[in-house]
Structure formats: C-alpha cells, structure tokens
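# Notes for the structure review
Chain by chain, the residues run as shown.
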Amino acid sequence: MLLALTVLVAVAAPHSLRLEGVRPATAAAVWSSALLVRALACVYAALFIIFLLPGTQTFTVITRWCWHGVVPVLTTHLRLTGHGLADVALWTPVLALTVSLGWGAVALWRAARAVRCLLSTKSVGRGPGESVILGDGQVVIAAAGLRRPQLVVSAGALVALDDEELAAGLDHERGHIAHRHSFVLMAAEILGAVARFVPGTQHARQELLFHLERDADRYALERRHHPGSLASAICKAAESAFTTSTPALSLGGSSVVRRLHALLEDPGHVRTQTGLALVALLGLATIGLLALVALPSVAHAGADAATALAPWRPCPD
C-alpha cells in the first residue's frame, strides 16, 4: 500500500505544478520521468495480477466457483470452467499492454513512412539554410526524420514569411534537431502506449510536447531573433492544415496560444516553481530508475512465487 501510494503521488505531482516559468529542458525532463513512472506502474500491475493475485484469498475463493453449478445450461454447451476463465483474466493485462505497445510501434512506423513519402513526392529542391523545399502552398516549416533529420520549408512559407520570420522559424526547427527532440518524442510515444490505461497519460504527453516546443523557441531566441518575429511565424504556421507526427516537428505545433504567451510575456512577471520542479524531477527519476532496475528481479521472484502456489482445486463432475 505504501508503494502504491508513493507511485500515485509521483504520477499526480507534475499535474499540480505550473512549469511555464521553469527552464524548458527541466520541465520536459519532469514530464518524461512522469511517463516512465506511469509505464512502469502498468508493467508492475500486470506482474502483480499474473504472479501474486492468484495467491490471495479473494482470488482463490472466486476461482473455486464451478461455473456449471452456477449456470449449468450455458456451461454444458460452452464447456466453461471457473479455472479456465481465471487464466484468461490473469493474462488479459499482459495482452492489453502488448497490443498497446504494438499499436504504438506501428503508429511510429506509419508516421516515419508518411514523412518519407512526403519528402519523396513533394520535394522540389534545396532551400535556405540547407533546407528542403516542398511544393506546397501551406505555411510549413518542420524538422523531418529521425536518424537524419532535416529542415523542411514549403513554398507557401517562403511566400508568406518575411526574412526575419523565416530565419526565426528555421532556427526553431534547428533547435529540435540539435536537442534530439525526435528521439525524446519516440520514447514518449512508446511509454505513452504502455501507460495509456493510466488516467492523465495523454495530458502528460501533450505537456511534454509543449515544453519541447518551448525549448526550440528558446533555442531560436538565443540566436538573437526577436520574440515578435518568432511569434508571428508561429501564428502563420498554425493557420496551416499541415498535421504533425512524431518524426516531423512543425513550427505551428502544440499549444500555440500558450507558447505565444511564454514568448511575449515579461519573464519577470512569471511565477516560477523551479525548486518544486527540481524536487519533482529528482523524485520521479529516482522512482523510475529504481523500478526499472528492480524489474527483472521482481519478475523472477514473482515467477518463483507463482510456481510455489498450490494447484487450484478441480470442479467435481
């Protein structure tokens, strides 16, 4: 119960913090750690159901019910027993986690393939800053690809953006590439797929994406671009119907209004929670690393405990 309470507090803690005033890298690390703890909580719950739940008195009482005594007509035709249904119930969480993980991996593969197809079919040549020009009328500036990400700019962006807006937008995308945000988001997709059964996981993933965008905005501002120029470029890109995926981080991406507030507000008026954020990061990272390191030992001990359980009592004929 103490362990479960600790994990519950760790999962809920980031949602109570206002991290807009914290350094983007720190805030992104908090939400990344939160996703790791959520995913590990689901894995540990599945291990508990498989290995330890059968040893509880409640489970023993339930699985000793004989279904042909409760619903004789139905079980005569379907050949159901309480023990067979118990086996299915025990392995359902593992099946759910496996399917969810596979679904996330397939989604990543499809997104990567979509980006490759986009570059191969719409690329019309080289653009400014070693970018690739897409023959598209929408305003698109993005970092596309995972292993070898590259800058992508549309013909519509070259027309709609002035020189300063274009330069700020390109440096924003260079920030994604320089800080390897695509790898962070790939890990987030996998962890989010495993932890999708925990309430608030989608919100945690969206918060991580928001702070990665803030980090790229910060990268652009450090190159001495005016915040107004970057904000204007973000607004124009946000009006585009271009949809982003994990391997393609576009300028008009997540939480545009919040990003504009972070860019244009006076930093002196933003109430920071850096201390609380660091405490939360330390706690989440510690719990996540300890749970990850202990996972093989816990799984082995659970398997040993399961084999030591007495066999279920068969139903009488």
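What you see is a predicted model; the values in this text were computed from it and never measured. (Residues numbered from 1 in each chain as written. Predicted model: local features only at pLDDT ≥ 70, side-chain atom pairs only at ≥ 80, totals over all residues. Heavy atoms only, no water.)

### Here's the deal with the overall build of the protein
A tally of helices and strands in the protein yields 13 helices and five strands. For the protein, with 317 residues in total, the buried portion stands at 40%. Here the analysis covers contacts within the protein between residues at least 6 apart in sequence; of these, 73% occur between residues at least 24 apart. Total accessible area computed for the protein in this model is approximately 17,200 Å², and 66% of it derives from carbon and sulfur atoms. (Helix = DSSP H or I, 4+ residues; strand = E, 2+ residues; numbered from the N terminus. Buried < 20%, exposed > 50% of the residue type's maximum accessible area, 1.4 Å probe, protein only. Contact = heavy atoms within 4.5 Å. Areas by Shrake-Rupley, 256 points an atom, 1.4 Å probe, with all protein chains shown as cover.)

### Considering the packing of helix α9 (residues 181-194) against helix α10 (residues 201-222)
Two numbers describe how α9 lies on α10: the axes approach to 10 Å, and their chain directions differ by 175 degrees. In this view, α9 runs roughly antiparallel relative to α10, as classed from their interaxial angle. Contacts between α9 and α10 involve His-181, Val-184, Leu-185, Ala-188, Glu-189 and Gly-192 from the former and Thr-201, Arg-205, Leu-208, Leu-209, Leu-212, Asp-215 and Ala-216 from the latter. Tallied by class, residues from the contact of α9 with α10 come to seven nonpolar, three polar and three charged. (Axes fitted to C-alpha atoms, helices over the stretch in contact; angles between N-to-C directions. Parallel < 35°, antiparallel > 145°, perpendicular 65-115°, else oblique. Nonpolar A, V, L, I, M, F, W, Y, C, P; charged D, E, K, R; others polar.)

### Focus: the nonpolar core
If you look at the biggest cluster of nonpolar residues, it comprises 29 residues, and the most contacted ones within it are Leu-19, Trp-31, Cys-42, Leu-208 and Leu-284. Within the residue set of this core, elements represented by two or more residues are α1 (2-12), α2 (24-52), α9, α10 and α13 (274-307). Sorting elements by how many residues they give to this core places α2 first, with 10 residues. If sequence neighbours within four positions are ignored, Leu-284 has contacts with Ala-10, Pro-14, Val-30, Ser-33, Ala-34 and Val-37. In terms of nonpolar packing, the next biggest core, distinct from the first, is built from 20 residues, Leu-170, Ala-220, Ile-234 and Leu-251 among them. (Core = buried A, V, L, I, M, F, W, Y, C linked by side-chain atoms within 4.5 Å.)

### Let's talk about a positive patch on the surface
A contiguous patch of positive charge, built from Arg-110, Arg-113, Arg-116, Arg-147 and Arg-148, is present on the exposed surface. Along the chain, Arg-148 falls in the loop between β3 (141-144) and β4 (150-154). (Patch = residues over 30% accessible without salt bridge, like charges linked within 9 Å, V, L, I, M, F, W, Y side chains within 5 Å. Salt bridge = Lys/Arg side-chain N within 4 Å of Asp/Glu carboxyl O. Lys, Arg positive; Asp, Glu negative; His and termini not counted. Charge placed at Lys NZ, Arg CZ, Asp CG, Glu CD.)

### Brief notes about the side chain of Ser-131
Mapping Ser-131 onto the fold places it in the loop between β1 (123-126) and β2 (132-134). Relative accessible area serves as the criterion here: at 0%, Ser-131 is assigned to the buried category. Among all residues touching Ser-131, those that are not within four sequence positions of it are Gly-125, Arg-126, Leu-151 and Val-153.

### Things to note about unusual backbone geometry
Even without being a glycine, Glu-130 presents a positive backbone phi close to 60 degrees. For Glu-130, the position within the fold is in the loop between β1 and β2. Residue classification places Glu-130 among the exposed positions, given a relative accessible area of 69%. In this model, Arg-180 sits at a positive phi of 55 degrees, which is unusual for a non-glycine residue. Within the element layout of this structure, Arg-180 appears in the loop between α8 (163-178) and α9.

### Some words on α8
Taking 1.5 Å per residue as the helical rise, α8 with its 16 residues ought to reach 22 Å, and the 22 Å between its terminal C-alpha atoms agrees with that figure. For α8, the full list of buried residues reads Glu-165, Leu-166, Ala-168, Gly-169, Leu-170, Asp-171, His-172, Glu-173, Gly-175 and His-176. Positive phi shows up at Arg-180, right after α8, with a value of about 55 degrees. (Expected span 1.5 Å × (residues − 1).)

### A closer look at the environment of Leu-212
Checked against the element boundaries, Leu-212 lands in helix α10. Sequence separation of Leu-212 and Ala-29 is 183 residues, and the distance between their C-alpha atoms is 9.7 Å.

### Topic: the packing of aromatic side chains
For the structure shown, the criterion picks out zero aromatic pairs. Over the face of the ring belonging to Tyr-219 we find Arg-223, whose NZ or CZ atom lies 3.7 Å from the ring centre. Directly above the ring of Phe-210 sits Arg-258, whose terminal nitrogen or CZ lies 3.9 Å from the centroid. (Phe/Tyr/Trp six-rings, centres within 6.5 Å; stacked < 30°, edge-to-face > 60°. Lys NZ or Arg CZ within 6 Å of the ring centre and 35° of its normal.)

### With respect to the packing of α8 against α10
Two numbers describe how α8 lies on α10: the axes approach to 7 Å, and their chain directions differ by 120 degrees. Between α8 and α10, the crossing angle belongs to the class labelled oblique. The hand of the α8/α10 crossing is right-handed. Mapping the contact onto sequence places Ala-168, Asp-171, His-172, Arg-174, Gly-175, His-176 and Ala-178 in α8 and Leu-212, Glu-213, Ala-216, Asp-217, Tyr-219 and Ala-220 in α10. (Left-handed = near helix turned anticlockwise from the far one by under 90°.)

### Thoughts on the environment of Ala-25
By the element assignment, Ala-25 lies in helix α2. Each C-alpha atom, one on Ala-25 and one on His-179, is 9.5 Å from the other, the two residues being 154 residues apart in sequence.

### As for the pairing of β1
Where β1 meets β2, three bridges bridge the pair, whose relative direction is antiparallel. Residue pairing in the sheet places Ser-123 in a bridge with Leu-134 of β2. Here β1 folds back onto β2, and the loop between the two strands holds five residues, one of which, Gly-129, carries a positive phi near 65 degrees. (Pairing = 2+ DSSP bridges.)

### Points about the pairing of β4
Of all five residues in β4, four are buried; the element is thus mostly enclosed. Direction of pairing for β2 relative to β4: parallel, over a ladder of three bridges. Within β4, the position partnered with Val-132 by the bridge is Val-152. As paired strands, β3 and β4 are joined by four bridges and run antiparallel to one another. Its bridge partner lying in β4, Ile-141 is registered against Val-153.

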